[in-house]
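Commentary on secondary and tertiary structure
One letter stands for each residue in the lines below.
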Amino acid sequence: MNAKKLSLLINAASGKCEAELVIKNCRVVNPITRTVKNADIAVEQGLIAGVGSYRGKTEIDAHGLFAVAGLIDAHVHIESSMCTPESFAQLVVPKGTTTVIADPHEIANVSGSEGIHFMINSARRVPLKVHFMIPSCVPATSFEDSGAILDSESVEELLKEPEILGLGELMNAPGVSSCNSEVLEKICAAKNAQKIIDGHAPGLNGFALNAYSAAGIKTDHECSSPQEVLERLENGMYVLLRQGSAAQNLAEILPSVTKENSRRCAMCTDDKHPQDIIESGHINANLKLAVKNGLDCFTAIAMATINAAECYGLNDVGLIAPGYSADIVLFNNLENFEAEKVFIDGKLAAENGKAVFEIRNRVDKAVTHSVHIKPLIIEDLSIKLTSENAKVISLKNHELVTKCEIRKVNLTNGIFDCKENPQIQKLIVMERHKKTGKIGKGLIENYGIHGGAIATTIAHDSHNIISAGDNDNDIFVAINELNKMGGGIILVKDGTVIGSLSLPIAGLMSDRNFVEVSQTLKSLLELAWNELGISREIEPFMTLSFLSLPVIPEIKLTPRGLFDVNKFEFTPIEAD
């Protein structure tokens, strides 16, 4: 801003001249003073000039709607929407989200810095304010096979990009406590650049949490109990309350939030599918759930706006107050939080649930054609065991944490047979970036798939091919069809593909708009539940995609084998 524009802002704020835009007859919500004020909002040069009684060159009557600062998602992986940043913007802005803190570590694990730049360039073309964190763990651990590697030198260089706020979630907590040199170099690069560092520390406590916090890690979105929330707040961290598609922790940890400590709490979605956003909302869904569970609306709104802004050093968003960006949401009430109008920088961006801006959804060739597997034969899927006692990955509804259970299994000539073990299914993870032929094999329970298989290239965080099923033939068909499609999601029953969603961008995102993606995904969900017998308490695709992430306890599967997250080492399927 230059002096001339500043003078226009000052004159509009003082009432000496008409503002460019005045939103009349609002009920302005201030979460700091915990008040609702009947007033107009004057906008000049994309900023809020004042809240009071104003005249405008253009005037819009809010008819008593509640005016709240634009909502902020404090931690999201846009790739999990299966949409490009452009299409994602059309999806979330009508819900009241005007700013997101995005960690593109999904596409970075496939396409490296080219993937990150694709996300940045796509986001530049929409009004949604997308700030990026540089992925800290590509790959997530040294035990994985990703499509790319971002070392400390790459991270240091990427931190110079103007859209970059800091270092993304540091999942390698053992690497911090053991003073791994590469991990420490990345942390130092962020600290020296005076950038924030995001955390990812499920189950971490005591001295280990102290060490993690001492390294300068400021946030955590992985809390699944009130005790974990309080421990992190005591350590001076921000807690990001998550409500996504698979991980839905908000209601469970909400009792730990008080009026006093809430200033260090913010809202996030982390990973949320498009149909869930369409049906239940985005950050406005977090608000609705928080208020429904007893949190007062002022505290909830602060967590979804100014708290997140302060956490990430975004000094110009988060409040409806003079000098702040005119990111304004007009809600019908403070219970359901349905957005009637959304303004970004004083311009109407969404109305009546629809975005008013157009997109082109351009795709960079550098992030396509990403599936490269070694030819597979069906015998590669056999699981040979030397013991009838086996370690099984046990799933919990709406949780990413899995349990390691010991189960007695029936073997046929020393080979696990799904038909003889109807409560247990196979899990396969196959390297898909460099044709190494690595195949991890494991057993799962409580997923519930019967009579078929599901395969996908969405497999956090290295995004190899992951498949679950109750027979080798359907798993074999699913993996090979997925390879032909070039990435996405495949459902197979009795040897026939019954549904699919193509995701040509890094095997993670569609080049279609969010409506088409959502409709296809919704039909796939119904097929998974109705045709393959998966419980409706399980989100089949997102749940499956996290079973290969070896940084969330207790046990996961990578292309190199079964991984004990607590011990941070590989472990055989056979149990003693």
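Going by an unreviewed UniProt entry, the protein carries the name Adenine deaminase and comes from Treponema succinifaciens. Here the protein is described in UniProt, under the heading Catalytic activity (unreviewed entry), as follows: "adenine + H2O + H(+) = hypoxanthine + NH4(+)". Annotation of the protein in UniProt includes, under Sequence similarities (unreviewed entry), the sentence "Belongs to the metallo-dependent hydrolases superfamily. Adenine deaminase family."

As annotated in UniProt, the feature "domain: Adenine deaminase C-terminal" (unreviewed entry) corresponds to residues 400-569 in the numbering used here. With 22% helix and 33% strand, the stretch residues 400-569 has end C-alpha atoms that lie 19 Å from each other.

Under the local residue numbering, the UniProt record ascribes the feature "domain: Amidohydrolase-related" (unreviewed entry) to residues 67-348. Helix makes up 37% of residues 67-348 and strand makes up 20%, while its end C-alpha atoms are separated by 14 Å.

Ranked by internal contacts, the top residues of the largest apolar core, which has 141 residues, are L170, L241, Y447 and I454. When residues of this core are assigned to their parent elements, the largest contribution, eight residues, is made by helix α3 (residues 105-123). Two domains each donate at least three residues to this core, and these are domain 1 (70-314) and domain 2 (368-570).

With that out of the way, let us pick up the domain arrangement of the protein. Taken domain by domain, the protein consists of domain 1 (70-314) and domain 2 (368-570). Using C-alpha coordinates to define each centre, domain 1 is positioned 26 Å away from domain 2. Facing 47 residues of domain 1, the contacting portion of domain 2 comprises 48 residues. Interface of domain 1 and domain 2: buried area, both sides summed, is about 3,700 Å²; carbon and sulfur atoms make up 65% of it. Summed over the three residues of domain 1 that lose the most area to domain 2, namely M82, F143 and D145, the buried surface amounts to 22% of that side. Here domain 1 is connected to domain 2 by three salt bridges. The salt bridge involving R560 is made with D145; its shortest N-O contact spans 2.8 Å. Between the two partners, domain 1 and domain 2, sit 15 residue pairs in polar contact (both at pLDDT 80 or more). Among the elements that make up the side of domain 1 that touches domain 2, the one with the highest residue count is α3 (eight residues).

Here we take up helix α6 (residues 181-192). If you check α6, its first and last C-alpha atoms are 16 Å apart, about what 12 residues at 1.5 Å a residue would give, namely 16 Å. Those residues of α6 hidden inside the fold are in contact with α4 (152-158), β9 (164-170), α5 (173-177) and β10 (196-199). Just past α6, the residue Q194 takes up positive phi, approximately 55°.

What follows covers the sheet that holds β9. The strand order across the open sheet formed by five strands is β6-β7-β8-β9-β10, and the pairing between neighbours is parallel. Of all strands in the sheet, those bounded by a partner on one side alone are β6 (71-76) and β10. Averaged over all pairs of adjacent strands, the angle between their axes in this sheet comes to 30°, without regard to strand direction. Sheet topology note: the strand β8 (residues 129-134)/β9 ladder contains three bridges and is parallel.

Taken together, the side chains of M1, L6 and I10 present a nonpolar region at the surface, about 310 Å² in accessible area. Its place among the elements puts M1 in the segment before α1 (3-13). Its relative accessible area of 59% is what places M1 among the exposed residues.

Volume-wise, the largest pocket comes out at about 810 Å³. In this structure, the largest pocket is lined by 39 residues; those nearest its centre are K272, D276, E279, S280 and G281. Elements with a minimum of two residues in the lining of the largest pocket: α2 (85-92), α10 (274-280), α11 (283-292), β15 (339-344), β17 (354-355) and α15 (514-530). When the residues that make up the lining of the largest pocket are grouped by side-chain class, the tally is 12 nonpolar, 13 polar and 14 charged. When residues of the lining of the largest pocket are assigned to domains, at least three map to each of domain 1 (70-314) and domain 2 (368-570). In this structure, the second largest pocket encloses a volume near 430 Å³. V138, P139, A140, T141 and S142 are the residues nearest the centre of the second largest pocket, which is lined by 26 residues in total.

So, about the packing of α11 against helix α12 (residues 297-304). Put simply, α11 and α12 touch, their axes get as near as 9 Å, and they point 155° apart. Between α11 and α12, the crossing angle belongs to the class labelled roughly antiparallel. Crossing of α11 against α12: the hand is right-handed. Two secondary-structure elements touch here, α11 through I283, L287, A290 and V291 and α12 through C297, A300, I301 and A304.

This part is about the sheet that holds strand β18 (residues 389-394). Read across the open sheet, the eight strands follow the order β19-β18-β23-β22-β25-β24-β26-β27; overall the sheet is mixed. Looking along the sheet, the strands with just one partner apiece sit at the ends: β19 (403-408) and β27 (496-502). Strand-to-strand twist of the sheet, defined as the mean angle between neighbouring strand axes without regard to direction, takes the value 30°. Packing against the sheet, helix α14 (residues 472-485) makes contact with β22 (424-430), β24 (452-456), β25 (465-469), β26 (488-493) and β27, and its axis sits at approximately 145° to β26.

Applying the stated rule across the entire model yields 24 salt bridges. Taking the shortest distance from any N to any O, the salt bridge between D270 and R242 comes out at 2.8 Å. Placement of the pair is D270 in the loop between β13 (265-268) and α10 and R242 in strand β12 (residues 238-242), with a sequence separation of 28 residues. Exposure class is identical for D270 and R242. Each is buried. Through salt bridges with shared partners, a single ionic network connects D220, E228, E231 and R232.

Parameters and conventions
- Residues numbered from 1 in each chain as written.
- Predicted model: local features only at pLDDT ≥ 70, side-chain atom pairs only at ≥ 80, totals over all residues.
- Heavy atoms only, no water.
- UniProt positions renumbered as here; feature names shortened; annotations may be inferred.
- Helix = DSSP H or I, 4+ residues; strand = E, 2+ residues; numbered from the N terminus.
- Core = buried A, V, L, I, M, F, W, Y, C linked by side-chain atoms within 4.5 Å.
- Buried < 20%, exposed > 50% of the residue type's maximum accessible area, 1.4 Å probe, protein only.
- Domains from an automatic or database assignment.
- Contact = heavy atoms within 4.5 Å.
- Buried area = accessible area lost by both parts, 1.4 Å probe.
- Salt bridge = Lys/Arg side-chain N within 4 Å of Asp/Glu carboxyl O.
- Polar contact = N/O pair within 3.5 Å; in protein donor to acceptor, adjacent residues only side chain to side chain.
- Expected span 1.5 Å × (residues − 1).
- Pairing = 2+ DSSP bridges.
- Axes fitted to C-alpha atoms, helices over the stretch in contact; angles between N-to-C directions.
- Patch = residues over 30% accessible without salt bridge, like charges linked within 9 Å, V, L, I, M, F, W, Y side chains within 5 Å.
- Areas by Shrake-Rupley, 256 points an atom, 1.4 Å probe, with all protein chains shown as cover.
- 1 Å grid on protein atoms, 1.4 Å probe; cavity = no way out; pocket = protein on both sides within 12 Å on 5 of 7 lines; lining within 4 Å.
- Points joined across faces, edges and corners; volume = space filled by probe spheres on them.
- Nonpolar A, V, L, I, M, F, W, Y, C, P; charged D, E, K, R; others polar.
- Parallel < 35°, antiparallel > 145°, perpendicular 65-115°, else oblique.
- Left-handed = near helix turned anticlockwise from the far one by under 90°.

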